[in-house]
Amino acid sequence: MKISSPSILDSIWFKLRKGDYVSGEDLARELDVSKVAIWKAIRKLEKLGYKVEKARRLGYRLLYQPNLPHPWRIRERLGTKLIGRRFIYYKELDSTQRVAKELAEVEKEGLVIIAEKQRRGRGRLGRIWLSSVDDLKMSIVLKPSNLHPVKLGLFSLIGGLAVAKALKNLDVKLKWPNDVLLNGRKVAGILVEGKVEADKISYVVLGIGINVNSKKRNLRGINATSIYDVLNEKQDLAELTAKVLNELDLLYMKIGDEARILREVKERLGTIGKLVKVIGLDEEFKGKAIDIDENGFLLVDVNGSVRKVLAGDVIHLKETA
Ligand code: BTN
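Rules used in this analysis
Residues numbered from 1 in each chain as written. Predicted model: local features only at pLDDT ≥ 70, side-chain atom pairs only at ≥ 80, totals over all residues. Heavy atoms only, no water. Helix = DSSP H or I, 4+ residues; strand = E, 2+ residues; numbered from the N terminus. Buried < 20%, exposed > 50% of the residue type's maximum accessible area, 1.4 Å probe, protein only. Polar contact = N/O pair within 3.5 Å; in protein donor to acceptor, adjacent residues only side chain to side chain. Contact = heavy atoms within 4.5 Å. Pairing = 2+ DSSP bridges. Domains from an automatic or database assignment. Core = buried A, V, L, I, M, F, W, Y, C linked by side-chain atoms within 4.5 Å. Near = heavy atom within 4 Å. Areas by Shrake-Rupley, 256 points an atom, 1.4 Å probe, with all protein chains shown as cover. Nonpolar A, V, L, I, M, F, W, Y, C, P; charged D, E, K, R; others polar. Salt bridge = Lys/Arg side-chain N within 4 Å of Asp/Glu carboxyl O.

J.: Which residues make up the environment of Trp 39, and what are the values?
T.: Counting through the fold element by element, Trp 39 comes out in helix α3 (residues 35-47). Residue classification places Trp 39 among the partly exposed residues on the basis of a relative accessible area of 44%. Sequence spacing of Trp 39 and Leu 136 is 97 residues, and the spatial spacing of their C-alpha atoms is 29 Å.

Structure follows, in structure tokens:
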């Protein structure tokens, strides 16, 4: 099942959300649709996990809402200028990145694709990304105008920074280029894919996966965690999604003033000052991570000469003086 938002579901949920009875006639009149259309929409809400009571003379009443990142529940808390002007929510799909990339060709920027269940989540460097319904999986379509393709790497940092800011009460650090660490373990990953034509960015698809309410077991040497693992408390998925999108929107508006973004990234970038092992696309070396440049590339001091890391994996070895 696939739900586009805004739609009649947003409006019905909005009228029912307080838990009072609302008659089918009133809903139909106010939303200017038939009573059958209202009934069908209520059936959809039920399929999405809501419990709705139907009382003969009183109408509909919302009894239960699932803890899922449904667009209307996100919208209620959204204060963005651009991101989230349209959502598409899938109960199940292969990968939000795949859908977002297809739609990026025809849609305006700001579209957010959210999956309840993702069968073939993709990570960086061809890896798989495992998640459950209790985690967040979303991809955002952006179309930055007048931005040179060399700046594409900034989006990983911006995505990570948005997650870190949304989790501001927790001990969150960024690991170059795309990991968000909670208490030193991976809690979220960012996947940036884009299309470049004639030296211009046509679109960027920013994929964000956050381990929220699932229990994480370490997998293939990845030291993973979830917010639930740390706090032992379930988070509201819609609320957290809105927080991330609100932060992301603010950061996206600041593109063009990268210095400000980079300053905020550096404050949280645990990689700087560490002895690191860089596993590049066709080389490996060790050195001390000293900074990131204006395009977000990592600068590593290798025996006194500075090397710029454009892509690849970085392993934190230990703190250095
Ligand atoms: C990584 O750390 O390697 C990046 C992981 C990115 C995972 C997210 S989940 C939502 C979006 N859809 C995908 O298939 N991948 C990204």
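Moving on from the coordinates now.
J.: Outline the side chain of Thr 96, listing residues and values.
T.: As for its position among the elements, Thr 96 is in helix α5 (residues 96-104). By relative accessible area, Thr 96 is classed as buried at 3%. Polar side-chain contacts of Thr 96 include one of 2.7 Å to the side chain of Ser 139. Sequence-distant contacts of Thr 96, defined by excluding residues within four places in its chain, comprise Ile 113, Ile 114, Ala 115, Gln 118, Lys 137, Met 138 and Ser 139.

J.: Please set out the pairing of strand β6 (residues 136-142) residue by residue, giving values where relevant.
T.: Most of β6 is tucked away: seven of the seven residues are buried. Residues Leu 136, Met 138, Ile 140 and Leu 142 of β6 are buried on one face, and the alternating residues Lys 137, Ser 139 and Val 141, pointing to the opposite face, are buried as well. Bridge analysis of strand β5 (residues 111-118) against β6 gives three bridges, and the strand direction is antiparallel. Of the residues in β6, the one forming a bridge with Ile 113 is Ser 139. Here β6 runs beside strand β10 (residues 200-210); their pairing, made up of seven bridges, is antiparallel. Among the inter-strand pairings, Ser 139 is bridged to a residue of β10, identified as Gly 207.

J.: Run through the domain arrangement of the chain, naming residues and quoting values.
T.: Interface size is often expressed as the accessible area that is lost when the parts come together. Here the domain parsing of the chain yields domain 1 (2-64), domain 2 (71-268) and domain 3 (274-320). Placing a centre on the C-alpha atoms of domain 1 and another on those of domain 3 gives a separation of 54 Å.

J.: Account for the nonpolar core, naming residues and giving values.
T.: Counting 82 residues, the largest nonpolar core has Ile 140, Phe 155, Val 163, Ile 208, Ile 210, Val 244 and Leu 245 as its most contacted members. When residues no more than four places from it in sequence are discounted, the contact partners of Ile 140 are Ile 83, Leu 111, Val 112, Val 204, Val 205, Leu 206, Ile 208, Leu 245 and Leu 248. Judged by nonpolar contacts, the second largest core, of twelve residues, contains Ile 88, Val 99, Ala 115 and Val 141.

J.: Tell me about the site of the ligand, and please be specific about residues and values.
T.: Residues in close proximity to the ligand total 20 residues, the closest being Ser 95, Thr 96, Arg 122, Arg 124 and Lys 186. Arg 124 is positioned such that a nitrogen or oxygen atom in its backbone is 2.7 Å from an oxygen atom of the ligand. Between the ligand and Lys 186, the relevant distance is 2.5 Å, taken from an oxygen atom to a side-chain nitrogen or oxygen of the residue. When the free accessible area of the ligand is taken as 420 Å², the share hidden by the protein chains comes to 98%. Elements that contribute at least two residues to the shell around the ligand include exactly α5, β6, β9 (185-197) and β10. Counting residues per element, the shell around the ligand draws most heavily on β9, which supplies four residues. Of the residues belonging to the shell around the ligand, the class tally is five nonpolar, eleven polar and four charged.

J.: Any details on the pattern of salt bridges? Residues and values, ideally.
T.: Note that side chains of opposite charge can pair when their charged atoms are close. Evaluated as defined, the whole model comprises 34 salt bridges. Close ionic contact of Asp 10 with Arg 75 constitutes a salt bridge, the shortest N to O distance being 3.4 Å. Of this pair, Asp 10 sits in helix α1 (residues 8-16) while Arg 75 sits in helix α4 (residues 71-75), and the two are 65 residues apart along the sequence. Its relative accessible area of 10% is what places Asp 10 among the buried residues. Residues Lys 151 and Glu 258 are paired through a salt bridge, measuring 3.2 Å at the closest nitrogen-oxygen approach.

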